[in-house]
Each structure stands twice: as C-alpha cells, then as structure tokens.
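In case you want the letters, here they are:
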Amino acid sequence: MIEAYIPDFYRILPEVILILAALGMLIEGSFRKITDSKLTARFCRNAIVAIVIAVVVLCIQHKSGENWVTFEGQIVQDDFIFLAKLLILVGSAAVLAISIPSLAKEQILSFEYAVLVLFATVGMLLMVEANDFISLFVGLEMQGLSLYVLAAINRDQLSSSEAALKYFVLGAISTCLYLYGTSLLYGFAGSTSFDVIGAVIRVESAVGLPLGFIIALVFIIASLAFKVSAVPFHMWTPDVYQGCPTAITAFIAAAPKVAGMIVFLRILVLPFILMYGEWQAIIVFLSFASMVLGAFAALRQTDIKRLLAYSSIGQMGYVLLGVAAGNDDGIQAVFVYITLYLVMIIGTFGCLLSLRGKGHFGVQNLQDLSGISTLHPKIAFILAAFMFSLAGIPPLAGFFAKLYVFKAAISAGLFGLAIIGVLTSVVASYYYLKIVKIMYFDEVPAAPTITFGQSVVVSPEMIVVLNACGIIILFFFIYPNPLLEMAQRAALALPI
Amino acid sequence: MINIAAILFYLFSGVLLSSAMMVVTARNTVHGVLFLILAFFNAAGLFILANAEFLALLLVVVYVGAVAVLFLFVVMMLNVEMGNIQKTAREYSVAGGLIGGTLAVELILMLYSWNTSPEAFEMISSPISKDGVTNTQALGNLIYTHYALIFQASGIILLIAMVGAIVLTLRHREGIRRQKIGDQLARDPKDSVSLVDISPGSGI
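Residues numbered from 1 in each chain as written. Chains lettered and ligands numbered in written order. Predicted model: local features only at pLDDT ≥ 70, side-chain atom pairs only at ≥ 80, totals over all residues. Heavy atoms only, no water.

### Digging into the overall build of chain A
Counting secondary structure elements, chain A contains 20 helices and 4 strands. Its C-alpha atoms give chain A a radius of gyration of 22 Å, within 12% of the compact-globule value 23 Å for 496 residues. Taking the principal axes of the C-alpha coordinates as reference, chain A spans close to 75 × 60 × 40 Å. Considering only contacts within chain A whose residues lie at least 6 apart along the sequence, 82% involve residues at least 24 apart. Accessible surface for chain A amounts to roughly 17500 Å². Of this, 69% is attributable to carbon and sulfur atoms. (Helix = DSSP H or I, 4+ residues; strand = E, 2+ residues; numbered from the N terminus. Rg over C-alpha atoms; globule rule 2.2 N^0.38 Å. Contact = heavy atoms within 4.5 Å. Areas by Shrake-Rupley, 256 points an atom, 1.4 Å probe, with all protein chains shown as cover.)

### A word on the interface of chain B and chain A
Counting from both sides, the interface comprises 33 residues of chain B and, opposite them, 39 residues of chain A. Buried surface at the junction of chain B and chain A, summed over both partners, amounts to about 3100 Å²; 76% is from carbon and sulfur atoms. On the chain B side of the interface with chain A, the three residues burying the most area are Leu 149, Ile 160 and Val 167 of chain B, jointly 20% of the side's total. For the pair chain B and chain A, the number of links is 0 salt bridges. (Buried area = accessible area lost by both parts, 1.4 Å probe. Salt bridge = Lys/Arg side-chain N within 4 Å of Asp/Glu carboxyl O.)

### Some points on the packing of aromatic side chains
Residue and element names in this part refer to chain A. Considering all chains together, one arrives at 20 aromatic pairs over all chains under this definition. Between Tyr 167 and Trp 236, the ring centres sit 4.8 Å apart and the planes meet at 20°, which makes this aromatic pair stacked. With Tyr 167 in helix H6 (residues 158-189) and Trp 236 in helix H9 (residues 236-243), this residue pair connects regions lying 69 residues apart in the sequence. Take Tyr 167 and Trp 236: they sit in the same class, and that class is buried. Ring pairing ties together the aromatic residues Phe 133, Phe 137, Tyr 178 and Phe 194, which thus form one cluster. Its guanidinium or amino end placed over the ring of Tyr 318, Lys 402 lies 4.8 Å from that ring's centre, counting from NZ or CZ. (Phe/Tyr/Trp six-rings, centres within 6.5 Å; stacked < 30°, edge-to-face > 60°. Buried < 20%, exposed > 50% of the residue type's maximum accessible area, 1.4 Å probe, protein only. Lys NZ or Arg CZ within 6 Å of the ring centre and 35° of its normal.)

### Focus on the domain arrangement of chain B
Each assigned domain of chain B is listed with its residue range as follows: domain 1 (1-80), domain 2 (82-114) and domain 3 (129-171). Summarising the inter-unit geometry, the C-alpha centres of domain 2 of chain B and domain 3 of chain B are found 33 Å apart. (Domains from an automatic or database assignment.)

### Structural notes on the nonpolar core
Ranked by size, the top nonpolar core spans 213 residues in total, and within it Tyr 113, Phe 133, Leu 136, Phe 264, Ile 283, Ile 346 and Leu 369 of chain A carry the most contacts. A per-element tally of this core places helix H14 (residues 328-354) of chain A first, with 18 residues. Those residues within four positions of Phe 133 of chain A in sequence are excluded, and the remaining contacts are Tyr 178, Thr 182, Leu 185, Thr 192, Phe 194, Ile 197, Ile 220, Ile 267, Pro 271 and Phe 272 of chain A. Counting residues in hydrophobic clusters, the runner-up holds 7 residues, among them Leu 16, Ala 44, Leu 46 and Ala 56 of chain B. (Core = buried A, V, L, I, M, F, W, Y, C linked by side-chain atoms within 4.5 Å.)

### Some remarks on helix H19 (residues 460-475) of chain A
Residues and elements named next belong to chain A. The end-to-end C-alpha separation of H19 is 22 Å, in line with the 22 Å expected for 16 residues at 1.5 Å each. Regarding H19, the residues found buried are Glu 461, Met 462, Val 465, Leu 466, Cys 469, Gly 470 and Ile 473. For H19, the angular spread of the buried residues around the axis is 160°, confining them to a single face. With respect to the buried face of H19, the exposed residues turned more than 90 degrees away are Pro 460 and Val 464. Those residues of H19 hidden inside the fold are in contact with helix H2 (37-61), helix H3 (79-99), H14, helix H16 (377-391) and helix H17 (397-411). (Expected span 1.5 Å × (residues − 1). Arc of directions from axis to C-beta.)

Put into structure tokens, the structure is as follows:
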C-alpha cells in the first residue's frame, strides 16, 4: 500500500521559484529594523526579477503543443494554460514595475506588498492550471486572501480599510457559493476532477441530467462572476477600486481578472461543455447586464477610479460575450480581448500613477486631469491613446478586441447580444472621450485648489512598461499576427 | 445493534442540528459559543458512528479544545452588542429571507433528483477500513501523498493569513518597554543597588 512517491515539483518550477523568492524576502524583511519605501521598492525589483526568471523557466519547460498532467491529475498544462500563465506573470511584473515610483506617495510602506503580490501571482497560476475543483479552490483562496490583505495595506486610511472589508466579506460569500456548488457536484459525480465530472455528465446527460448538476453550475458561475465582477455580482468593484491605493487597484484590476476569466472559460468548456445550453443562458444574461451597467453607470462618475471600475465591469461584459459564443472563435476572441485588456488597463493605471502633485493621493477626480496636455504632453498623449482604445475606436487595439468578440458572437447566432454590445460601446465611448476632452480642451485651473497632476513621477521600469503598452495599443493593427497566432494556439488546446 | 446505531444517529444529529440553530439565534453570544461546542461534540459522535474515530478525536481536540476556546476568549473580549445586530438584521430580513428562501427551494428541488448509487451503501458501511489500513494511515495517505500539492498550498495560504494579520495589526510604537533578557541578566548589582543609611524621622 505504501509506495515511494516523489511529488513532481519539477513541473511546477515557476511557482516554486516565486514562492522561494517570496519567502526569502519575507525573512529578510522581518530581520530589518526599519521598513521604508526604499526597502519596499528594492523588494519590488527583486520580485520582478523572480517573475522574469519564472517566465524564462516556464518558456524553457514548455514545448509547443505538449500537454502534461501531474499531481495525480490535479495540475495540467497545455498551450492554453501556458499562455494564460505567461499573461498572468507578465501582468503582475508590469504592475509591480508601474507601482515602484509611487510607493512612498501612496503610503505603501510595508515590505509585505511585494511578498503578497508574489503569493497572489502563485495563486493565480494555480487557478489556471488546476484540473480539479480542490486545487482550483486552493488557488482561488491563495489569490483572494493576498488581495484582501493588499487592499487593506494602507491601514491608517479609512477608505482603504472600508474597501478591504467589503472586498473580504463579499469574497467570503463568493467562496461559500463556490464550495456549496462544488460539494453538490461532488455529491452527484463522486469526484472533484474536471475530467471525471465531464465524463459523468456525458453519461448522465444521455438519460437526463439530475437537477443537482445545474444548481451546482449556477453556484459556481455565481462565485466566479464575483471574481471577474460581472453584473449582478459587481457590487464590490467601485468601492474597492476607489478605496484602495491606486497601485493596489491596478493590481486588482489587471491579472486577477485575467485569471478569473481563464478559469471561467476552462470550467465551462471542460467539465460542463455538454451543459452548453444551460450555461449559455446564464452567461448571456451576465454579459448583457455587465455591458449595460458598465456603460450607463459610469456616465455620471466624477471619480476616475470609480469610472474605471465601471469601465472594467463593462469590459468584462464584452469578454463574457465571447465566452457565451462558446465556440472556437469565441475562445480566440476571449484570449485576444483579455490580453489587450491587460495591456490597456496596466497602461491606464501607469499613467494615473505617474501623475503626482503635492498631495499624496495622486489623480482622484476627473477634473484633476484638466489641461494635462499642456503640462505633460507625453503622458496625456499615451493616456488618450488608452482611452480611445478602451472605447474601441479604430485603428487602436481595443477596436480589434471588440471586433473579434462581436464576430464570434455573430457566428454563434447571438445577434441580439452583439447589437447590444455595439450600442453600449457607443454609450461607453462618451465617458472615455470625456477624459480626453478634459485633458486636451479644459484649461489648467489658474489657481488650482487641488494641485494634483502637477508633476510626473516615473522610474526606468515604469517608462519601459508604459512605452511597451503604448506601442502594443498603437501599432497592433500593423502587425497583429503574433497575438492572433497565440490565441489560435490557445483555442486549439481547449477543444470545444 | 443496528437499532442502537440508528437511535444514536438520530440523537446525535438531532442535538447537532438544534444546537447549530441555537448558535445562530442565541441572544447571548457566550451561550452561542457554548452551543457551538455542543455541536462539535455531537459531530464527533457522528464520526464515531461512521467508524472514523481519528477524525472524531481530532474534532474534539482541535475544534473544542482550541478553536472554540479561542472563540470564547474573542467573544468575551469584544463585548458585542447583540441588540444592535438584531435590529439591523431585522431591516435586511426581507432581502435575506428572499435569498434564503430561493436557496431552500433549490435544495428541496434537488433532493427530488437525488438517487443513491448502489455502491454507496457498501462505502458507507466500510468507509476506510479496507485491506487493513487504519483510519490514521488512510488519512495520512490522502493528505501527504495524494493531495501533497494541496497540502503544501494550504500551508502557503496559512502563511498569507499570518502575514496579513501582522501587516494589519503590528505597530512599532515609540516608548514601549520590551524585555531585553541579555541586558537584564548582565546587570551588575553594584550599578543599580546602593545601600543608603537613612536617619530616623527624615526622608531620603
């Protein structure tokens, strides 16, 4: 019965590297007498180096088209997961890079910032490579718990603590829903593995699927909708975005959304593919509600982070449109969309983080941006490019992201939803363009009561990230092939 | 024999459910925690009925011995005003009832579609004691072999929770007198103790 068994840690070497780096920093940080923003900045750079090493190891380990299964089927990797992991790692490193110069201003003084970001990244990697509801749960919790702590890291500021508490309570509810759904699934299928559950559903659906599967599916979708903040599970998003320090908001808005979407897609396509009819109706509703709310609720916002929160709700609606399509085109469109979303959101938050005034809050109100174009033409130009791209104006990358999603929806026969998507994107372009208008056509206040946005704070890493994001967004239409090929490879690995 | 087991099962689960109900509804939070302990004991009884004696003892040792006592400490320290909580709870009772009712209906609907597979009875009657593997060994096999990765990852999650607790609560304040054992032991009586001869009737 007892056999020699050595866990296959070679396969999860990137995760191991990140964990070791985080533990090393944790030990060094605890022995330091003083923790200040300088130490935190150095740790952020160390974390970026660790992530880069993990990326290199991941790329060396993975051979195109290769699949492997390890830890008794709890962890798998194929092209789709490999590319998703790459996105998550690059996204986390980029957010760390853009946050470095503003750490002191945002009052992120504790060195645990970098450590928690690394742990959250490991959690996200576990989420996307999980092939079992238990390992998925562990990944979800690892990521979630790190994010709750990150949201509260500025503990002396009331809004930050409030945001963290809301995030924590709603996250706990989402966890409960997930566990409830999974235990139902375990009760009906007798296993937590994606493969076994898929097989059981195949057998059962021949004779009529028990209701328990559908209820479990509903619970799991509801829980994941919390993670990607799809309406009606979006309530936490505006408050959390507004309350957290901007660097943390950028992190919450970027990679976790990507990981959540990938998990969404994997769960729906792997174990539940034969219940396509059931889940498509739910996803169509989520997508519809997110697109409409994201477009209309943001119109009256004056706080830029709140506005971006509603914008990200809307963007998730468009991604869900691709998920609802549920075909090969849909998966490709989702992949392209989340990649470009990651680029746009990191770029936008990078611009916001670089604008600094005498106060330490950075840009808070839309009016703080007025006349930035005369003061800082470069930042204003690149931010305007991101706004046009988020609005989906050709020839910027955001337009193509939306185009592929709508094409996929139409190929799946979801005409109504595609039309609503186009209409809401017209409505949403109002507030994106409003930001551009404020930057370029509003006068710099002669005697500004709020002196935000007066100076630019950057670091070398940040300039690299901002330029990379800007170049991708501006010139995607000239050479879109690499991303499209990636999406194709990903879609091939996820059979539908 | 079967009857005794059945009677015990209904006894344990009846007390378990009613004390769980009391945990939620008890006006006094300390009573709530005590009912929680009762619920843990009954759950342990159910585990013993299912031949899982290791889990039963673990439940008593860990949950009753450590977790519930910790809860008791927290409840006594926090001095929660139940009146306010119940007042706000009443405000949300309509929405809460609606969502709870929906969940209940879903559960009841689902019970109709439940069918127990023939192998399940066999598994219930001998859950782990096949081929002479003991309870503890079977659990160890699961945790440290089959779910090794998940076990390690759970360790990381606990570490994150610990880091979080420290980040959010530890404050380095000025003027705190900490124990420095080395300095304290190295003190010399000559430096700190002096003999003063005080004449009667006058102070120092």
